[in-house]
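Read off the chains here:
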Amino acid sequence: MLAEDSVLLRDGLTALLTRCGHEVVAAVGDAEALLAAATGHAPDVVVTDVRMPPGLTDEGLRAAVRLRELRPGLPVLVLSQYVQRSYAAELLDSGDGSGVGYLLKDRVGHVEEFVDALGKVADGGTVVDPEVVRQLLRRRRDPLEKLTAREKEVLALVAQGRSNGAIARELVVTEAAVGKHIGNILTKLDLPPAEDSHRRVLAVLAYLRA
């Protein structure tokens, strides 16, 4: 089963996989359709992009994690241009860590490399691009390393439960400046907008863990 919002890439991958002897039971363009199709078809392996409609943030990866919860051990290969660290680690840790893969599109040098990785994941193996590993390890070392001194100061006050207005008074800046700092913090901590999570709370958790 294939989930990719780009029509050209989706059709191209479908043709490629068919030519290599695989049956593509469904090819969809958004995360909701992926969840529905996986329930109806019970695929042997899922290939999904990370960013898909409607939000174009991490819908595909969150759907992959959900599928692994609903069907433990379902092989999933993420093929993306991005390392979405907030859910990549969760996917790779799901189950016993078998039957998962995360490849970066721009770093797949040959078609045979992709097809071989898909086969390994389908057979229960794990295939992860070294760049994905590097970014995950960097995040686990120090999730706050990208923040400036002022941003760390703002986050520390957020962790104390201060409102934006209270932080502005404490630091003698405008509320707009505080809002900008918080926006930068959420971006640097790789916390995109999501309906089912409170980014301010997740930022505080990252601060406390660090």
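Here's what I pulled together on the structure shown here. (Residues numbered from 1 in each chain as written. Predicted model: local features only at pLDDT ≥ 70, side-chain atom pairs only at ≥ 80, totals over all residues. Heavy atoms only, no water.)

Running from amino to carboxyl end, helix α7 (residues 149–159) crosses helix α10 (residues 199–209) at an angle of 105°, the nearest separation of the two axes being 9 Å. Relative to α10, the element α7 is oriented roughly perpendicular. Judged by residue contacts, L155, A156, V158 and A159 of α7 engage R200, A203, V204 and Y207 from α10. Here the contact of α7 with α10 is built from residues that sort into 7 nonpolar, no polar and 1 charged. (Axes fitted to C-alpha atoms, helices over the stretch in contact; angles between N-to-C directions. Helix = DSSP H or I, 4+ residues; strand = E, 2+ residues; numbered from the N terminus. Parallel < 35°, antiparallel > 145°, perpendicular 65-115°, else oblique. Contact = heavy atoms within 4.5 Å. Nonpolar A, V, L, I, M, F, W, Y, C, P; charged D, E, K, R; others polar.)

M1, L34, V46, L61, V78, L91 and Y102 are the most contacted members of the largest nonpolar core, which totals 30 residues. Looking at this core, the elements that each hand over two or more residues are α2 (31–41), α3 (59–70), β4 (76–80), α4 (85–93), β5 (100–104) and α6 (130–141). Look past the residues within four positions of V78 in its chain and what remains in contact with it is T48, V50, L61, L91, G101, Y102 and L103. Membership of the second largest hydrophobic core comes to 18 residues, among which are L155, A168, I182 and L189. (Core = buried A, V, L, I, M, F, W, Y, C linked by side-chain atoms within 4.5 Å. Buried < 20%, exposed > 50% of the residue type's maximum accessible area, 1.4 Å probe, protein only.)

Once that is clear, we can look at unusual backbone geometry. The step from P53 to P54 runs through a cis peptide bond, and the omega angle for that step is 10°. Residue placement: P54 occurs in the loop between β3 (46–48) and α3. Even without a glycine there, the phi angle at D190 is positive, about 60°. Along the chain, the position of D190 falls in the loop between α9 (175–188) and α10.

Listed as buried for helix α8 (residues 164–171) are G165, A166, I167, A168 and L171. Tucked inside the fold, the buried residues of α8 contact α7, α9 and α10. At the C-terminal side of α8, V172 shows a positive phi close to 55°.

Attention now moves to the sheet that holds β5. Here 6 strands make up an open sheet; going across it, the order is β2-β1-β3-β4-β5-β6 and the pairing parallel. The sheet terminates laterally at β2 (27–28) and β6 (126–128), the two strands that pair on one side only. Relative to β3, strand β1 (residues 2–3) runs parallel, the two sharing 2 bridges. Counted as the bridge partner of L2 is V47 from β3. (Pairing = 2+ DSSP bridges.)

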